[in-house]
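Structural overview
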Amino acid sequence: MIILERIKSIDIKNQLASLISIYSLLRIQLPQTNQNKTSKSTQKNMKVHFCSSGAFLFIFIILVTICLSIEAQTCNPSGKIVGKKPPPGQCNPENQSECCKKGKLYTTYKCSPPVSKRTKATLTINSFKKGGDGGGASECDNKFHSDNTRVVALSTGWFNNRKRCSHYITIHGNGRSVKAKVVDECDSTMGCDPDHDYQPPCPHNIVDASPAVWKALGVKKSDWGEMQIFWSDA
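The rules we used
- Along each chain, residues carry numbers from 1 onward, in the same order as the chain's sequence is written.
- Under the rules for a predicted model, residues below a pLDDT of 70 receive no local features and side-chain atom pairs below 80 are neither given nor counted, while totals for whole chains, interfaces and linings still include all residues.
- With hydrogens and water stripped out, all remaining heavy atoms of the structure feed into the side-chain values.
- A helix here means a DSSP run of H or I that spans at least four residues, while a strand means a run of E at least two residues long, and both kinds are numbered starting from the N terminus.
- Only protein chains enter the accessibility calculation, which uses a 1.4 Å probe; a residue whose area is less than 20% of its type maximum is buried, one above 50% is exposed, and one in between is partly exposed.
- In what follows, a contact means two residues having at least one pair of non-hydrogen atoms within 4.5 Å.
- Only the protein chains shown count as cover for residues, and all accessible areas are computed by the Shrake-Rupley method using a 1.4 Å probe.
- We call Phe, Tyr and Trp rings a pair once their centres come within 6.5 Å, taking the six-membered ring for Trp, and we label the pair stacked below 30 degrees between planes, edge-to-face above 60, and tilted otherwise.
- Geometrically, a lysine NZ or arginine CZ counts as sitting over a ring once it is within 6 Å of the ring centre and also within 35 degrees of the ring normal.
- Strand pairing is assigned whenever DSSP detects at least two bridges linking the two strands.
- Two N or O atoms form a polar contact when they lie within 3.5 Å of each other; inside protein one atom must be a possible hydrogen donor and the other a possible acceptor, and for residues adjacent in sequence the pair counts only when both atoms belong to side chains.
- Cysteine sulfur atoms are paired as a disulfide whenever they fall within 2.5 Å.
- A fitted line through C-alpha atoms serves as each axis, taken over the contacting stretch for helices, and the angle formed by two N-to-C directions is quoted from 0 to 180°.
- Each nonpolar core is a collection of buried residues, namely Ala, Val, Leu, Ile, Met, Phe, Trp, Tyr and Cys, held together in the definition by side-chain atoms within 4.5 Å.

The subject of this paragraph is the overall build of the protein chain. A count of helical and extended segments in the protein chain gives five helices and eight strands. Going from N to C terminus, the protein chain has its helices and strands arranged as α-α-α-β-β-β-β-α-β-β-β-α-β. Every one of the 234 residues in the protein chain was classed for burial, and the buried ones make up 38%. A sequence separation of at least 24 residues applies to 71% of the contacts in the protein chain between residues at least 6 apart. For the protein chain, the exposed surface amounts to about 14,300 Å²; the carbon and sulfur share of it is 54%.

Printed below as a string of structure tokens:
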């Protein structure tokens, strides 16, 4: 457990050095013997130590493989932007939307976690209708969408340069499943400007859904806002 915690906490730049130090802690040193005085018993012990050392080397290789695999799937922040105070009436706080605060630093991402058959995400609520808190028209079709239509916006990495535009995803939450159409990007790279309704950048794991999606999942209106869900490509 201590070793696993150490692997999770290491910085990427020092990853290899840390793994080597872990191996050094695990490695069993071969006994130092006088070659002229080596007996059958000593040779047997050396074979045992050699096998043990080989076993730990095998474990070390596995740890390296797991660590590199975890790193490859990690989505790290790409930077930060400084918040700007919205001009009067320029940020719509509908559906619990957050408005940028002057001087506050907001994290940005150019990626999202890997997509699987059960991709963990945070479901948020957004109005895609004209005048709603979603701001301008949807990026995929340059249209607005009724609150009664099951549509979503995905974080930048999942939006994947518009490759999921007009495709459907299946959302699993609250004991139900529902299909919704991808029509927009929940921008994780930019925010706090007129194009983004002076709202902060999206986190990297957001499925921003219309009220119709929340209704279809059977969530009480008083509980609309944020919910942990799983999703997959339909």
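There's more to say after this.
This part is about the packing of aromatic side chains. Considering all chains together, one arrives at one aromatic pair under this definition. Lying over the aromatic face of Phe-230, Arg-118 brings its terminal NZ or CZ to 3.9 Å of the ring centre.

Residues Tyr-106 and Thr-108 of strand β2 (residues 105-108) are buried on one face, while the alternating residues Leu-105 and Thr-107, pointing to the opposite face, are not. Of the pairings in the sheet, the one linking strand β1 (residues 79-82) to β2 comprises four bridges and is antiparallel in character. Looking at the pairing, Lys-80 lines up with Thr-107 of β2.

Our next topic: the side chain of Ser-97. Structurally, Ser-97 can be placed in the loop between β1 and β2. Since its relative accessible area comes to 16%, Ser-97 is described here as buried. Among the polar contacts listed, one links the side chain of Ser-97 to the side chain of Asp-133, at a separation of 2.8 Å. Excluding residues within four positions of it along the chain, Ser-97 makes contact with Asn-92, Asp-133 and Gln-199.

Moving on, we come to the state of the cysteines. In the structure shown here, the tally under the stated rule is five disulfides. The side chain of Cys-100 participates in a disulfide bridge whose partner is Cys-192; the two sulfur atoms lie 2.0 Å from each other. Taking the sign of the S-S torsion, -90° for the link of Cys-100 and Cys-192, the bridge is left-handed. Remark: Cys-192 occurs in the loop between β6 (176-186) and β7 (206-209) and Cys-100 occurs in the loop between β1 and β2; sequence separation between them is 92 residues. The class of Cys-100 is buried, set by a relative accessible area of 4%. Judged by its relative accessible area of 2%, Cys-192 is buried. The side chain of Cys-186 participates in a disulfide bridge whose partner is Cys-202; the two sulfur atoms lie 1.6 Å from each other.

What follows deals with the sheet that holds strand β5 (residues 168-173). Spatial strand order, β3-β7-β4-β6-β5-β8: six strands in a closed barrel with mixed pairing. Averaged over all neighbouring strand pairs, the angle between strand axes comes to 45°, with direction disregarded. For strand β4 (residues 151-155) and β6, the ladder comprises five bridges, and the chain directions are parallel. Within β6, the position partnered with Ser-155 by the bridge is Cys-186.

Attention shifts here to the environment of Ile-206. Here Ile-206 lies in strand β7. Residue classification places Ile-206 among the buried residues on the basis of a relative accessible area of 5%. Excluding anything up to four places from it in sequence, Ile-206 contacts Thr-122, Thr-124, Ala-153, Leu-154, Ser-155, Trp-158 and Cys-186.

Let us look at the nonpolar core. In terms of nonpolar packing, the biggest core is built from 25 residues, with Leu-123, Val-152, Ile-171 and Val-207 touching the most fellow members. Beyond its immediate sequence surroundings of up to four residues, Ile-171 is in contact with Leu-123, Val-152, Arg-176, Ser-177, Val-178, Ala-180, Val-207, Val-213, Leu-217, Ile-229, Phe-230 and Trp-231. Counting seven residues, the second-largest nonpolar core is a separate cluster that includes Phe-128, Val-183, Cys-186 and Cys-202.

The backbone phi angle of Gln-96 is positive, close to 60°, even though this residue is not glycine. Within the secondary structure, Gln-96 is located in the loop between β1 and β2. The exposed category is assigned to Gln-96, whose relative accessible area is 62%.

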